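Observations on the model geometry
Given next are the chains, with one letter for each unit.
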Amino acid sequence: MNSMAPLEAGRAAQGCSSAPTVLRQRGQREVFCGLTGIVWLHRKIQDAFFLVVGSRTCAHLIQSAAGVMIFAEPRFATAIMDERDLAGLADANDELDRIVARLVERRPDIKLLFLVGSCPSEVIKLDLARAAARLSKVYSPTLRILNYSGSGIETTFTQGEDACLASLVPELPAEDGAAGQSLLVVGALADVVEDQFRRLFNALGVGPVHFLPPRRSTDLPAAGPRTRFLLAQPFLNDTARALEERGATLLPALFPLGVEGTTAWLKAAADAWGVSDAAFDAAVGAARTRSIAALDKYKDQLGGKRIFFFPDSQLEIPLARFLARELAMQPVEVGTPYLHQQHLAHELPLLPDTTLLSEGQDVERQLDRCHAETPDIVVCGLGLANPLEATGLTTKWSIELLFTPIQGYEQAADLAELFARPLVRRARLEV
Amino acid sequence: MQLTLWTYEGPPHIGAMRIATAMKGVHYVLHAPQGDTYADLLFTMIERRDRRPPVTYTTFQARDLGGDTAELFKSAAREAYDRFQPDALLVGASCTAELIQDDPGGLAKALGLPVPVVPLELPAYQKKENWGAAETFYQLVRTCAAPSVPAPGWQRPPRGDARPRCNILGPTALGFRHRDDLVEVRTLLDELGIDVVVAAPLEATVQDLMRIGDADFNVVMYPELAGQAAQWLERTFRQPRTKTVPIGAAATQDFIREVATLAGVDAEPLLNARKSRLPWYSRSVDSTYLTGKRVFIFGDATHAIAAARIAQTELGFKVVGLGSYSREFARDVREAAKLYDVEALITDDYLEVEAKVQELQPELVLGTQMERHIAKRLGVPSAVISAPMHVQDFPARYSPQMGFEGANVIFDSWVHPLMMGLEEHLLAMFRDDFEFHDDAAPSHLGHGTAQRVEAEPSAPVASAPAPQMPVSSIIWAAEAEKELSKIPFFVRGKARRNTERYASERGVATVTIETLYDAKAHYSR
Ligand code: SF4
């Protein structure tokens, strides 16, 4: 089941001479489902709780992905369905009400509850939107209840965050009639990165700036026709569409990975605010210069190294662009679970022509290709890393790219370091 | 529906994966959505395996549901067979596929593969990981041994002069110390002059399982995992099975006796060799301080029951709580709990276990990685005795739980987290020494590691019958409060509770230093 489809947008549309193709294979996909996003989202939105309505498998997935290393009580849980819930949906709804009541009693501090759908809840057609509406009536106004699906039959890994944020969009208040244009940064970022961006936007005179998701659910930013938004993450397809439906305008740009990406991303906002080039350089110059210098020391370690990406987070293409253009790495294959041409329109033309793009996965055949290519470093999920290491390949687990601050100028070198460390380590070990 | 923060066991297909991964030449085709592939990381990251588990997931998506997910299963199974060329194929469904009812067993049979195909029916909404492992192992043994099953009524002929032979059943992938336990059990059997026909499932092949009927009896290491297969083998091949699990010095001696009886060999030489250091270490006077330490135990049934016996009779602790998430073995755990005068806690609800630990305020917690978390939060020492466990519970060094060496390992790993005897006294005597604050960790564990949260029960004490003074209204005089703070943290909560109960029963509104010591005298035994 191969298909080589020409890339309509992207490089061809940008006037590139070669017609790039995308390898699409159908087989086993070795990726997490969208529930995984809960692991970082529950830390980002500090007064939100995520209740997965699913099976023991779903509970086991989240706890395995989270590593059960969290000391504080997690703000997520699973309502595990059993046979009785499958037998009658009416009872399932009663059971859900009972569980939510127990949860609310235990965590009265929670202001926002997400009912998160899973494969089993989707397949039995348990209507969580209705349940959320019903429960909202009971607990409003102290507790807001929303729903989204993180099921593996519909979402891959980071798409869970997309679904979560998209469910927040209808909740965003309308713009104040008198307000001018505002900037919304969309996608969960580490708090430290958020603060850096806030300072840069301030220096640029771009504002007011808001972030989605907010750290507290009670601080939901407004959205409307005067909202300009930047995507901080490449996987926010549905959220972007929902914001556009509210009248907001996307500022298309590279993603803020590496110096080039960060500059282009900030520039997109600066342009929308009519900031002059001189003022832009004055505002970001120091941070940009500092990060270029910090990246420098990784050029020797990473330059010329061949890198292979298994599909995982949808961050693969912007990462490959950064590593190729700023550190002279050679992306051999860049796999992505979904290739969202429109949001990647700026990214795709910047990838080297020699890079094979693949969308979707047949993990067995992709492993064959990976072994045949013997890249210097492989970016892959946790299930594949040790088996690949055991065959002599060096790996970087991709989930770390979601748990580590990597966006923006100050993190560009940290991002390079994430790829350099496995190589340094392999070189250092004599056993 | 059950509200679950952490689960002790995965779904039953994880149990099937533990069998498939343990064996050689077995492949498992699992009808499941993509997210279920997370299970690979349990084996590659937590157990640090250098190979992917031998599992093919069909990873159907929503758009396949309207179409032909059955066809997807068939092509996945065929391709998996072609690529991996297994000697036997397990096929089954995960929770989601169970709902779409594609019948993986029937579909795989229809492919006409030239190897045994074992269809697994693992009800994901009723059963859990250990059950799934036991069922899978049983089905696999049955299928592989089928050609050699004797006629009904057949009796095992006397062995004559041949050396006794047994199978070892139970060790799996992702098991708590299974790899090392297997080595220990093999050593014991070897010293008794007993040959091993098959050890399974760990490292066993399909060909091995075909010979499983050749043995005279079966050693069952983990009843949760191998009990079902062993019962079938007993009925079918007249192979008696062991009931003793050799965890602990005394249980190891019992096990040697039991095995020797089944094999018809002399146990005395090995029994008299007294190879474990645990008994002497425990008698050594430096261990006096272990006496009566209050210990809470939770785990799978096998490990929890064994731990309770060791704690009480081999280390001189006091078992104040015993429980298990193995509902299938609830009866055994309840029986064991009676020996220690405690009520068994049978639950898979982490919140219930947490509440119990808070209520009992033990001085040592023996449990799974979940109880380690609870203990850490409460500032109570702990050791892991059972699955589920984390990467750190797969140590590089040899560290079995079973046999003589297992008893040594247990002594070290349970005693190590505790405060040493004299240290504990000094701490109690000189509480005002600025370095002896409540956060002081045992000195041999380094400084500043413990994050101590006082172990106050979250619910009000309900045990005081008809109090003349509600406990909640009791006031502590400042000096009494100060005196209380001089009592070591690990008994302070209990002292506070007892004092308040004493006061309330006597209608004392304000606790003074006098009340505190009156209560101490009253409750001391
Ligand atoms: S893939 Fe589906 S069934 Fe599996 S963990 Fe994710 S939501 Fe649950």
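Reading the values: the criteria
- Residues numbered from 1 in each chain as written.
- Chains lettered and ligands numbered in written order.
- Predicted model: local features only at pLDDT ≥ 70, side-chain atom pairs only at ≥ 80, totals over all residues.
- Heavy atoms only, no water.
- Phe/Tyr/Trp six-rings, centres within 6.5 Å; stacked < 30°, edge-to-face > 60°.
- Helix = DSSP H or I, 4+ residues; strand = E, 2+ residues; numbered from the N terminus.
- Buried < 20%, exposed > 50% of the residue type's maximum accessible area, 1.4 Å probe, protein only.
- Lys NZ or Arg CZ within 6 Å of the ring centre and 35° of its normal.
- Near = heavy atom within 4 Å.
- Nonpolar A, V, L, I, M, F, W, Y, C, P; charged D, E, K, R; others polar.
- Domains from an automatic or database assignment.
- Contact = heavy atoms within 4.5 Å.
- Buried area = accessible area lost by both parts, 1.4 Å probe.
- Salt bridge = Lys/Arg side-chain N within 4 Å of Asp/Glu carboxyl O.
- Polar contact = N/O pair within 3.5 Å; in protein donor to acceptor, adjacent residues only side chain to side chain.
- Pairing = 2+ DSSP bridges.
- pLDDT = per-residue confidence, 0-100.

Moving on: the packing of aromatic side chains. Residue and element names in this part refer to chain A. Using the criterion set out here, one finds 16 aromatic pairs over all chains in the structure. On the basis of an interplanar angle of 90° and a centroid distance of 5.8 Å, the ring pair of tryptophan 40 and phenylalanine 157 is categorised as edge-to-face. Here tryptophan 40, found in helix α1 (residues 38-44), pairs with phenylalanine 157, found in the loop between β6 (144-149) and α7 (159-168); they are 117 residues apart in sequence, far enough to count as distant. Each member of the pair, tryptophan 40 as well as phenylalanine 157, carries the same accessibility label: buried. Between the aromatic rings of phenylalanine 197 and tryptophan 265, the centroid separation amounts to 4.6 Å while the plane-to-plane angle is 40°, which identifies the pairing as tilted. Highlighted residues: phenylalanine 197 in helix α8 (residues 191-204) and tryptophan 265 in helix α10 (residues 258-272), separated in sequence by 68 residues. Residue classification places tryptophan 265 among the buried residues on the basis of a relative accessible area of 1%. Geometry around tryptophan 397 places lysine 396 over its ring, the cationic atom sitting 5.6 Å from the centre.

Attention now moves to the site of the ligand. The immediate surroundings of the ligand are formed by 14 residues, with A:Cys33, A:Cys58, A:Cys119, B:Gly35 and B:Asp36 found nearest. In this structure, the ligand sits where chains A and B come together, each supplying nearby residues. Taken together, the elements giving at least two residues each to the shell around the ligand come down to α2 (56-66) and α5 (119-123) of chain A together with α5 (95-100) of chain B. When grouped by side-chain class, the residues that make up the shell around the ligand number eight nonpolar, five polar and one charged.

Interface extent is often summarised as the accessible area lost during association of the parts. Residue and element names in this part refer to chain A. Each domain of chain A was delimited in the assignment, giving domain 1 (1-31 + 179-431) and domain 2 (34-155). Spacing between the C-alpha centres of domain 1 and domain 2 amounts to 30 Å. At the interface, 15 residues of domain 1 touch eleven residues of domain 2. Summing the contributions of domain 1 and of domain 2, the shared interface buries around 1200 Å²; its carbon and sulfur component is 61%. The partner of arginine 216 in a salt bridge is aspartate 47, and the shortest N-O contact between them spans 3.9 Å. Across the domain 1-domain 2 interface, the total number found is five residue pairs in polar contact (both at pLDDT 80 or more). Of all the secondary structure elements, the ones that give two or more residues to the side of domain 1 that touches domain 2 are α8 and α15 (400-403). Here the side of domain 1 that touches domain 2 is composed, by residue class, of nine nonpolar, two polar and four charged.

Moving on, we come to the interface of chain B and chain A. Listed per partner, the contact involves 60 residues of chain B and 67 residues of chain A. Summing both sides of the interface, chain B and chain A together bury roughly 5500 Å²; the carbon and sulfur share of this comes to 60%. Of all residues in chain B, B:Met1, B:Leu3 and B:Trp6 give up the largest surface area on contact with chain A, accounting jointly for 18% of the area buried on that side. Where chain B touches chain A, the interface holds six salt bridges. With a shortest N-O distance of 3.1 Å, B:Arg52 and A:Glu364 are connected by a salt bridge. Remark: the boundary between chain B and chain A carries 24 residue pairs in polar contact (both at pLDDT 80 or more). Within the side of chain B that touches chain A, the residues separate by chemical class into 24 nonpolar, 18 polar and 18 charged. Relative to strand β1 (residues 2-4) of chain B, strand β4 (residues 76-80) of chain A runs antiparallel, the two sharing three bridges. From the neighbouring strand, A:Thr78 faces β1(B), where its bridge partner is B:Thr4.

Residue and element names in this part refer to chain B. In terms of burial, strand β4 (residues 88-93) is a largely internal element, six of the six residues being buried. By the alternation rule, side chains of β4 split into Ala88, Leu90 and Gly92 and Leu89, Val91 and Ala93, which are all buried. With three bridges connecting them, β4 and strand β5 (residues 117-119) associate as parallel partners. Of the residues in β5, the one forming a bridge with leucine 90 is valine 118.

The subject of this paragraph is the confidence of the model for chain B. All names here are of chain B. Per-chain confidence: chain B averages 89 in pLDDT, with 89% of residues scoring 70 or above. Here residues 447-467 is modelled with pLDDT under 50, and outside its nearest four sequence neighbours on either side it reaches 32 contacts, counting other chains as well. Among the scores for the predicted complex, ipTM is 0.92 and pTM is 0.89.

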